[in-house]
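Residue-level structure breakdown
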Amino acid sequence: MTEEYERYVSDVSGDIKSCLEEMGCQPILFVGSGITKRYLDGPSWEELLQQLADECPEIDRKFAYYKQRYSNLVDIGAVFTEKYNEWAWGEGEQNFPQELFEEGNPPDIYIKHSISKIFKQLVENQITNHQDEVNLLKKIHPHSIITTNYDQLLEAIFPDYEPVIGQKILYANHASIGEVFKIHGCVSEPESIVINRDDYENFTKKKKYLSAKLLAFFAEHPLVFLGYSAEDQNIKAILSDIDEILSENGELIPNIYILEWSKTEPTTYQRRERLIQVSENKSVRVKSIVAHDFSWIFSAFAANEALENVNPKLLRALLARTYSLVRSDIPKNPVEVDYKILTAVSQIDGELAKLYGIANAADGVAFNVNYPYTLTAIGKALGHKGWHNALKLIEIVKNDTGIDIKASDNVYHCAIMNGDTVQGRRYSASLKQLLEKVQRGEPYELEIKG
C-alpha cells in the first residue's frame, strides 16, 4: 500500500469511527448484486437475463438483439417472461414442477422458478471467494440489511438474521433488529421476485410506503451501500426519496457511504465524496470509499466487542416483548453492558432495564434525566434534520474556547462506555441551551474549564 493511499485509508477509517460513535448504533447495509458476484461469482442483472436466454429455446435471437430493441432491462425481462410461459406450456413442460401448472399460478411463475434455480445452485456451492473478507463482514453486526438481491447469500453470512420478503416489509415492525429486508423478492418465494415491467410498476407504487417505513432507519443509523454502482437506479431511487429528509440545502449527507470497487489497488488519495444525480434537477452528495480490497472498510465498521456474543434472534424476541417500553429518549446502546446477561436476563433482577439503557450500574434513572439526548435529538431540537449541524456547533465552541466538550464527562456530555471503549454519547439539556446561544451568535460561558 502506497503512503498516499495509506493516508486515505486512515482518514476514511477515522471518519467511519467518528460517525459510528456520534450515532451510537450499528450501520444498516444496503446490498446489491456486486456482493453476490464478488463472493459467489454470481451474475449481474444483465448476465442473468443472458443466462435465461440461453436456457429457453423460445428465446431464439441473440441477446444483443433484445438489448438493441429495448433500452431498459425491465422490458427485456417482460419479453422473456412471455417466452418462458410459452416454453413451459409447450416443449419445456418437463423442466418445471407440475404444481406450477395448477390453477392460481401467475403466468410469470416459470421464469421466476428458473431464476430461483440459478441462485439456489450458487449458494449450494458455498462461499469460496474472499473468505477472510466475508468473516470481517460478519463482524459488522449490522442493525439490519436491505437488499435488492434474490439469492440467499446474506442469510448464509448472517444466519441469525430474519429474512423479510417483498410486500411483507410493509407490515414489519421496524423497531426490531437483525433482519434482512429483501425488497425485490427472494428465491425462497419465487413469486415475490421482481424481474419484469409489471413487477417493477407494482414495486414503484409501493416504494414510497417502503421508503417512509425505512426513513427512521436512515436518519438514525449509518447507511452503507455495498455491491452497487453509483449510477445504479436502485441507489438513485432510494436517495431521491430520503434526500429531502436527511440533506439540508444540498449538503453532504454525513451518514451515507457508498463503497466503490477499484479493479486494482489504488495508489493515490481517492475521492471522499460522490455527487449522484438522482433526477433531472436533483443531485445528492454522499461519502465515497474507493477500494480494491474491502477488508479494512469492514474492519472500520465492525461492531465493538460487546456485541460479539449477542444473538440477534434473542434480541429480536426481547424487543418484541418490550416494544411498549421503548422511548425516543433512551440510549440506543447500553451503559456498561455485559451482554452475557442476554441468556439469563429474565433471572437477573434489574438487568433488562440496564440492557435497554433505562438504568446503568450506578444510577440509571439519574443518567437518563441528566443526559436525555442523543446528538441527533439535539440537532432536531435546534431545528435541523440530524446530528451533523449540532456537531458543527460543538466544533465552534471548541475553536472559540479551546475546550472539547466531548473529551470528558461533564455537565454537557457523558460517554457511554463498554470497558475502555466509547460505545455512544449522551448529552444534557444544558448543551442544548448552550448550542442555542452559539447558533444565534450570542455570548456564552462554559461551565467547565480547560
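Residues numbered from 1 in each chain as written. Predicted model: local features only at pLDDT ≥ 70, side-chain atom pairs only at ≥ 80, totals over all residues. Heavy atoms only, no water.

Focus: the nonpolar core
Phe 80 and Ile 289 are the most contacted members of the largest nonpolar core, which has 86 residues in total. Here this core takes eight residues from helix α1 (residues 3-23), the largest share from any one element. In contact with Ile 289, other than residues within four places in its own chain, are Tyr 8, Val 12, Ile 16, Tyr 257, Ile 258, Leu 259, Glu 260, Trp 296, Ile 297 and Phe 301. Of all hydrophobic cores here, the second largest spans 25 residues; its members include Phe 181, Ile 238, Ile 258 and Val 278. (Core = buried A, V, L, I, M, F, W, Y, C linked by side-chain atoms within 4.5 Å. Buried < 20%, exposed > 50% of the residue type's maximum accessible area, 1.4 Å probe, protein only. Helix = DSSP H or I, 4+ residues; strand = E, 2+ residues; numbered from the N terminus. Contact = heavy atoms within 4.5 Å.)

A look at the sheet that holds strand β5 (residues 223-226)
Sheets are built from strands paired through backbone hydrogen bonds, the pairs being either parallel or antiparallel. Taken in spatial order, the eight strands make up an open sheet running β3-β4-β2-β1-β5-β6-β8-β7, and their pairing is mixed. In this open sheet, the two strands that pair with only one neighbour each are β3 (162-165) and β7 (273-279). In this sheet, neighbouring strand axes are inclined to one another by 25 degrees on average, regardless of whether the strands run parallel or antiparallel. When β7 meets strand β8 (residues 282-291), the two strands line up antiparallel, connected through six bridges. Within β8, the residue paired with Gln 277 across the bridge is Ser 283. (Pairing = 2+ DSSP bridges. Axes fitted to C-alpha atoms, helices over the stretch in contact; angles between N-to-C directions.)

Concerning the packing of helix α3 (residues 45-55) against helix α6 (residues 109-124)
A pair of packed helices is characterised by two quantities: the angle between their axes and the separation of those axes. Put simply, α3 and α6 touch, their axes get as near as 11 Å, and they point 110 degrees apart. With respect to α6, the axis of α3 lies roughly perpendicular. Classified by chirality, the crossing of α6 by α3 is right-handed. Of the residues in α6, those in contact with Leu 48, Gln 51, Leu 52 and Glu 55 of α3 are Ile 111, Ser 114, Ile 115, Ile 118 and Phe 119. Split by residue class, the contact of α3 with α6 holds six nonpolar, two polar and one charged. (Parallel < 35°, antiparallel > 145°, perpendicular 65-115°, else oblique. Left-handed = near helix turned anticlockwise from the far one by under 90°. Nonpolar A, V, L, I, M, F, W, Y, C, P; charged D, E, K, R; others polar.)

What to know about the packing of helix α5 (residues 73-88) against α6
Put simply, α5 and α6 touch, their axes get as near as 7 Å, and they point 100 degrees apart. When the axis of α5 is compared with that of α6, the two are roughly perpendicular. Between α5 and α6, the residues in contact are Gly 77, Phe 80, Thr 81, Tyr 84, Asn 85 and Ala 88 and Tyr 110, Ile 111 and Ser 114, respectively. The residue inventory of the contact of α5 with α6, partitioned by class, reads five nonpolar, four polar and no charged.

Description of helix α2 (residues 33-40)
For the α-helix, the turn length of 3.6 residues means that residues three or four positions removed from each other point alike. Burial in α2 covers these residues: Ile 35, Thr 36, Arg 38, Tyr 39 and Leu 40. Across the axial projection of α2, the buried residues extend over an arc of 165 degrees, all falling on one side. One or two steps after α2, the chain reaches Asp 41, where phi turns positive at roughly 55 degrees. (Arc of directions from axis to C-beta.)

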